[in-house]
Amino acid sequence: MARQPERVAGEKADNKSPITEERLDNEGTRLTSDDLAEVDDRLRLKAAVVYEIIRQEGEEELARGPKSLWWSGIAAGLSIGFSVLGEALFRAYLPDSPWRHLVENLGYGVGFLIVILARQQLFTENTLTAVLPAISTGKRHTYLCVARLWAIVFCANMIGTFVFGSAIASRFFLPPEVYDAVGSLSIHMMEIPHHEMFLRGILAGWIVATLVWLLPSAENSQVAIILLMAWLIAALDLTHVVAGSVEAVFAVWIGHSSVLDVAAFLIPTLLGNIVGGTALFALIAHAQVRKEI
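First things first, this report covers the structure right here in the doc.

Calculation notes
Residues numbered from 1 in each chain as written. Predicted model: local features only at pLDDT ≥ 70, side-chain atom pairs only at ≥ 80, totals over all residues. Heavy atoms only, no water. Helix = DSSP H or I, 4+ residues; strand = E, 2+ residues; numbered from the N terminus. Expected span 1.5 Å × (residues − 1). Phe/Tyr/Trp six-rings, centres within 6.5 Å; stacked < 30°, edge-to-face > 60°. Buried < 20%, exposed > 50% of the residue type's maximum accessible area, 1.4 Å probe, protein only. Contact = heavy atoms within 4.5 Å. Salt bridge = Lys/Arg side-chain N within 4 Å of Asp/Glu carboxyl O. Axes fitted to C-alpha atoms, helices over the stretch in contact; angles between N-to-C directions. Parallel < 35°, antiparallel > 145°, perpendicular 65-115°, else oblique. Left-handed = near helix turned anticlockwise from the far one by under 90°. Nonpolar A, V, L, I, M, F, W, Y, C, P; charged D, E, K, R; others polar. Core = buried A, V, L, I, M, F, W, Y, C linked by side-chain atoms within 4.5 Å.

**Description of helix H10 (residues 140-169)**
Because an α-helix packs 3.6 residues into every turn, residues spaced three or four apart end up facing the same way. Taking 1.5 Å per residue, 30 residues should reach 44 Å; H10 reaches 43 Å between its end C-alpha atoms and fits that length. The positive-phi residue at the C-terminal boundary of H10 is Arg171, with phi of around 75°.

The structure is reproduced here in structure tokens:
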């Protein structure tokens, strides 16, 4: 006769569905409680569980003080500049071959790796985490808190990218080969038509939101997932408002672009990132778990 699994009173595995619980209660199992615990550990997180993890992270971000958000945002603006340097480093020293584009874009993930693992405030990441609590509650006050967080983080990110872009444009920090590579990357980005910046920004925002959604289930694969998703943004030649700001500032300092050109980059790219990360991904993510939560 199959034995019933040993359980502590009142204990119930979080990952088991009601159907599984009913089956175990009625039919029993030869697995020990330790075996069942291992099964629970290996089960993929439910969509509702992932949603709740991200929503709680968003609530924590909304509760942070303005000073903490400000300095964390500046740190993220500085750190994301290493995405541009990582990509430029590959471009500078790889041969000019058809496959170089795919390889050099691996360096684009360096800045995202620093920002995400260091828990710094990156604007495009907050377009998902901070919005989920607002969508869930539907309260006007929460939406105002999201607007406050966005404003603080975005302005701080822009200051960080301005400082980083200005520093590397000074020629004091980079070897000539890498400096020239950053210049070519910046010129290429600034020559993208404005309507394409918006459309490419939508897809970039979606990918960043997808990255945020994947991380709770990543466990020991976080580094690989961050690098892969960032590589996808760069390889597809998409526009990211924070990382791209470093290139935009650099383009101004080398005389290729004007301040108006920077504004013409920021506005459509910012709107595209918001649409892709919030209006599309966050709303769809909420819709798929609405009944479960």
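**Things to note about the packing of aromatic side chains**
Inspection of the entire model under this criterion finds five aromatic pairs. Aromatic side chains Phe123 and Trp150 sit 5.6 Å apart centroid to centroid with 70° between the ring planes, which places their arrangement in the edge-to-face category. Of this pair, Phe123 sits in helix H8 (residues 123-129) while Trp150 sits in helix H10, and the two are 27 residues apart along the sequence. Note on accessibility: Phe123 and Trp150 belong to one class, buried. When the ring of Phe123 is compared with that of Phe154, the centres are 5.3 Å apart and the planes differ by 65°; the resulting orientation is edge-to-face.

**Section: the side chain of Asn157**
With respect to the helices, strands and loops of the structure, Asn157 is situated in helix H10. Those residues in contact with Asn157, other than ones at most four positions away along the chain, are Gly73, Ala76, Gly77, Gln121, Leu122, Phe123 and Val242.

**Here we look at the pattern of salt bridges**
One pass over the structure, following the stated rule, counts six salt bridges. Of the charged contacts, one joins Arg100 and Glu104 as a salt bridge, the two residues approaching to 3.5 Å between their closest N and O atoms. Of this pair, Arg100 and Glu104 both sit in helix H6 (residues 100-104), four residues apart, which is roughly one turn of the helix. Using a relative accessible area of 15% as the deciding quantity, one classes Arg100 as buried. Between Asp237 and Arg200 there is a salt bridge; the shortest N-O distance is 3.4 Å. Here Arg200 lies in helix H12 (residues 194-218) and Asp237 lies in the loop between helix H13 (222-235) and helix H14 (241-253), a separation of 37 residues in the sequence. Linked through salt bridges whose partners overlap, the residues forming this network are Arg91, Asp96, Arg100 and Glu104.

**Structural notes on the environment of Ala235**
As for its placement among the helices and strands, Ala235 is situated in helix H13. Separated by 127 residues in sequence, Ala235 and Tyr108 have C-alpha atoms that sit 9.1 Å apart. Apart from the residues within four sequence positions on either side, Ala235 is in contact with His101 and Asn105.

**Observations concerning the packing of H10 against H14**
Two elements in contact, H10 and H14, have axes whose closest approach is 8 Å; the angle formed by their N-to-C orientations is 40°. Taken together, the axes of H10 and H14 are oblique relative to one another. Two packed elements cross with a definite hand, and for H10 against H14 that hand is right-handed. Contacts from Phe154, Asn157, Met158, Thr161, Phe162, Phe164, Gly165, Ser166, Ile168 and Ala169 in H10 reach Val241, Val242, Ser245, Val246, Val249, Phe250 and Trp253 in H14. In terms of residue class, the contact of H10 with H14 is made up of 12 nonpolar, five polar and no charged.

**Here we look at the nonpolar core**
If you look at the biggest cluster of nonpolar residues, it comprises 62 residues, and the most contacted ones within it are Ile80, Phe123, Ile168 and Val182. Not counting chain neighbours up to four residues away, the residues in contact with Ile168 comprise Leu85, Phe173, Leu174, Tyr179, Val182, Val246 and Phe250. Membership of the second largest hydrophobic core comes to nine residues, among which are Tyr51, Ile54, Ala209 and Phe281.

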